[in-house]
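The lines below spell out each chain.
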Amino acid sequence: MKILFCTTCFEKTANGPAKFAKLLLDINREYPNHDLRILSEDVKANSQFVYKLNLKYPPSLKKFSHLFRIFQYHRKAIAIKSDFNWDVVVYNNSFLGIRTALSKYKSIGMINDYNNYILRLNEFPR
């Protein structure tokens, strides 16, 4: 299975999601029947298993940058498909995953933050 994992943080491993993304690359070594690549805006350049997203939006719209990310990650994932014919896209951000889930491509949006997960569960009435 070919997997494209999209994450906003990768090189700066100050948080759990970035550490998780780096650990995922072990799949390529440990499980040869799977092939995993990373797409991130937080890399200096493309490398063997990592694609760089050149995120562009007007500075005046910085507080809406998450909306621009949705479309730019999706567009880049589709462009990568011609080079790396992925079977599924996994977003390390559930909001980004929503956009691709609405398309014809298989995608998964995940929340890799246990603290926020517990907080969200407690907000909903039982």
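All of the points below concern the structure found in this document.

What counts, and where the lines are drawn
Residues numbered from 1 in each chain as written. Predicted model: local features only at pLDDT ≥ 70, side-chain atom pairs only at ≥ 80, totals over all residues. Heavy atoms only, no water. Helix = DSSP H or I, 4+ residues; strand = E, 2+ residues; numbered from the N terminus. Contact = heavy atoms within 4.5 Å. Areas by Shrake-Rupley, 256 points an atom, 1.4 Å probe, with all protein chains shown as cover. Buried < 20%, exposed > 50% of the residue type's maximum accessible area, 1.4 Å probe, protein only. Pairing = 2+ DSSP bridges.

**Remarks on the overall build of the chain**
Along its length, the chain carries five helices and five strands. For the chain, the sequential pattern of α-helices and β-strands runs β-α-α-β-β-α-β-α-β-α. For the chain, restricting intrachain contacts to residue pairs at least 6 apart in sequence, the fraction spanning at least 24 positions comes to 51%. Working note: accessible area of the chain is about 8200 Å², and carbon and sulfur atoms make up 57% of it.

**Details of the pairing of strand E4 (residues 88-91)**
Burial along E4 is two-sided: the face carrying Val 88 and Val 90 and the face carrying Val 89 and Tyr 91 are both buried. Across four bridges, strand E1 (residues 2-7) lies against E4 in parallel orientation. Within the sheet, the bridge partner assigned to Ile 3 lies in E4 and is Val 88.

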